[in-house]
Amino acid sequence: LDELGANVQRLGKNFFLVIDPVFDGSPLMQKLIDQLDSIGAKHAVFTGVTGEPDVETVDAAYAVAKDYGCDAVISLGGGSGIDVGKCVA
């Protein structure tokens, strides 16, 4: 996470963050946001992944990402959050 900003800035300026609810509000999430802020990037956050992802969860996440006009997706958490992030991307 210490180098995230430098590594993602070539991907865009509007990021969609899929965050496992366990990490919502955590120091790790704050570090992620701080790195995006350091490159002047904006972000939208989705924390609605619980358990195994289903079509409804992916559709809800995709709708947020589409409305926001995201350039790239970053997932923080376990496999389910990462799976939703991959589906949205």
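Numbering of residues starts from 1 in every chain and runs along the sequence as written. Reporting in this predicted model follows two pLDDT cut-offs: at least 70 for local features of residues, and 80 or more for side-chain atom pairs to be given and counted; totals over whole chains, interfaces and linings ignore these cut-offs and use all residues. The side-chain values count all of the structure's non-hydrogen atoms but skip hydrogen atoms and water molecules.

S.K.: Explain the overall build of the chain here, please?
M.R.: For the chain, the count of helices and strands is four helices and three strands. Tracing the chain from N to C terminus, the helices and strands come up as α-β-α-β-α-β-α. In terms of overall dimensions, the chain has a C-alpha envelope of 35 × 25 × 15 Å along the principal axes. The proportion of buried residues among the 89 residues of the chain is 37%. Any two residues whose heavy atoms approach within 4.5 Å are treated as being in contact. Contacts in the chain between residues far apart in sequence, at least 24 positions, make up 78% of those at least 6 positions apart. Each helix corresponds to a stretch of at least 4 residues labelled H or I by DSSP, and each strand to a stretch of at least 2 residues labelled E; elements are numbered beginning at the N terminus. Throughout this description, buried means an accessible area under 20% of the type-specific maximum (1.4 Å probe, protein chains only), exposed means over 50%, and partly exposed covers the range between.

S.K.: I tried to follow the pairing of strand 2 (residues 42-46) on my own but got confused; where do I start?
M.R.: Within a regular strand, side chains alternate between the sheet's two faces. Of the pairings in the sheet, the one linking strand 1 (residues 14-19) to strand 2 comprises five bridges and is parallel in character. Bridge assignment links F16 to a residue of strand 2, and that residue is A44. Think of it this way: DSSP has to see at least two bridges between two strands before they count as a pair.

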